[in-house]
Amino acid sequence: MGDATTNSQLLDRYAASLVGVFGRPPLVLSHGDGAYVWDVDGKRYLDLLGGIAVNALGHGHPALVAAVSKQAAEAIHVSNLFTSVPQIELAERILAVAGAPEGSGVFFANSGAEAIEAAIKLSRRTGRSGIVAAEGAFHGRTTGALALTHKVAYREPFEPLIPGVTHVPYGDEEALRAAVSTETAAVFLEPVQGEAGVLPADPAYLRLARELTAAHGALLVLDEVQTGVGRTGSWFAFQQAGVLPDAITLAKGLGGGVPIGALVTFGPEVTGLLTAGQHGSTFGGNPLACAAGLAVLETIESQGLLDHARVVGDHLAEAVLALGHPLVEGVRGAGLLRAITLTQPVSAKVADAARDAGFIVNPVAPQAIRLAPPLVVTTAQVDEFVAALPALLDAAACKEPTA
Ligand SMILES: *Cc1c(COP(=O)(O)O)cnc(C)c1O
């Protein structure tokens, strides 16, 4: 069966050859163009998930393709016993767009979880081991990051995990006050909880986290793996909250699909916590991934994609609300990280109906549909989806008896 090439034939081969942690995927995707992707049967979809907030420039963006192709021909990898121009330039560019103070630094990894691992190790260098994270938090699947991730079903099969982690209700100021002490190494928060269903923090909550950590000598780490790199309409979500954390973690959108993660440490004191020999990565910061990251940052700037994400995201939210559909409760989030919240727990049925109709969306929670399209998605493309949405909602609602 080595030559089976339809969706269903390939998915049988998938099931027979891959570890089953992702279940059975619905489609085999072959290629894309901008915000559209095609499956192996030739059907086209508007990709409103963007590889889970990864394909910031969509598929096949000429600037990213050119940068990766050129770099691949020059040097894909040189090891961290040496460095490369793309690595240095990407670090400088990240610090510039973050408005980082003098003495800040970047550590490159290959994924979000690895960026979190680096942040956990950074926090241990305070001489403390307590970590405060939030209920609903998602920080990744490696065993360190998993200890900070809240969902019991993800954590329990792998316990014992690293000790010292306390989870507090997200957004609860009193609980945060009670949890942070002189034993706290760091507070880890997502400015918008993506995996929990696109739940934005009140800026006042993030400011309180900043005050409490500063007062107790603990680090504030904001996990911007999902929110960073233009996703919410600014380079980073912390910039909208008016808070300068001690560190941020980045990954998803940074390479536009090429694997890369980063820990960004602000100021010389925090940056100096990790010294020669204390951390490392074989692949992290290789010239191919860094050239991709540079192309992403340069294109976001040259195409005005921060403003674009804000404008198109606001338009999407207004247009969905204007439908006045009884199944729509509201729209959460910022920029192009949004959730349509539902009055019934039928998001999976909406996502199935959407896929049949040629739209990829994500049923992130039973009553929330996450949208994280490429930042290059157009208003006209968003309108295609909004026009189709009432029928998709009707299909989901009538399949699910309300009583
Ligand atoms: C996706 C995600 C991670 C984990 O990233 P991986 O690349 O899958 O390891 C961590 N934190 C947040 C906020 C995420 O959204």
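Residues numbered from 1 in each chain as written. Predicted model: local features only at pLDDT ≥ 70, side-chain atom pairs only at ≥ 80, totals over all residues. Heavy atoms only, no water.

**Structural notes on the domain arrangement of the protein**
Split into domains, the protein comes out as domain 1 (7-60 + 304-397) and domain 2 (75-303). A C-alpha centroid distance of 26 Å is found between domain 1 and domain 2. Summed over both sides, the interface of domain 1 with domain 2 buries roughly 2200 Å², with 62% coming from carbon and sulfur. Summed over the shared surface of domain 1 and domain 2, the result is one salt bridge. Residue Glu195 pairs with Arg370 through a salt bridge whose shortest N-O separation is 2.6 Å. Where domain 1 meets domain 2, there are 13 residue pairs in polar contact (both at pLDDT 80 or more). At the level of secondary structure, the elements contributing two or more residues to the side of domain 1 that touches domain 2 comprise helix H2 (50-53), helix H13 (305-322), strand S13 (328-334), strand S14 (337-342) and strand S17 (368-371). Examining the composition of the side of domain 1 that touches domain 2, we find that four residues originate from one element, H13, more than from any other. (Domains from an automatic or database assignment. Buried area = accessible area lost by both parts, 1.4 Å probe. Salt bridge = Lys/Arg side-chain N within 4 Å of Asp/Glu carboxyl O. Polar contact = N/O pair within 3.5 Å; in protein donor to acceptor, adjacent residues only side chain to side chain. Helix = DSSP H or I, 4+ residues; strand = E, 2+ residues; numbered from the N terminus.)

**Notes on the pattern of salt bridges**
Under the counting rule described, the total for this entry stands at 11 salt bridges. Here Glu74 ties to Lys70 by a salt bridge, and the two come within 3.3 Å at their closest N and O atoms. Here Glu74 and its partner Lys70 are both found in helix H3 (residues 62-74), four residues apart, which amounts to about one turn of the helix. Each of the two residues, Glu74 as well as Lys70, counts as exposed. A salt bridge links Glu301 to Arg93, with the shortest nitrogen-to-oxygen separation between them at 3.3 Å. With Glu301 in helix H12 (residues 287-302) and Arg93 in helix H4 (residues 85-97), this pair connects stretches of sequence that are 208 residues apart. Given the relative accessible area of 47%, Glu301 is considered partly exposed. With relative accessibility at 22%, the residue Arg93 sits in the partly exposed group. (Buried < 20%, exposed > 50% of the residue type's maximum accessible area, 1.4 Å probe, protein only.)

**Re the sheet that holds S14**
One open sheet holds the four strands; their spatial order is S13-S14-S17-S16, and the pairing between them is antiparallel. Because the sheet does not close on itself, it has two edges, and the strands there are S13 and strand S16 (362-365). Sheet twist, expressed as the average angle between the axes of neighbouring strands with direction ignored, equals 30°. Judged from the four bridges that link them, S14 and S17 form a sheet pairing that is antiparallel. If you follow Ile340 over to S17, its bridge partner there is Ile369. (Pairing = 2+ DSSP bridges. Axes fitted to C-alpha atoms, helices over the stretch in contact; angles between N-to-C directions.)

**Concerning the site of the ligand**
Around the ligand lies a shell formed by Ser111, Gly112, Ala113, Phe138, His139, Gly140, Glu190, Asp223, Val225, Gln226 and Lys252. When grouped by side-chain class, the residues that make up the shell around the ligand number three nonpolar, five polar and three charged. (Near = heavy atom within 4 Å. Nonpolar A, V, L, I, M, F, W, Y, C, P; charged D, E, K, R; others polar.)

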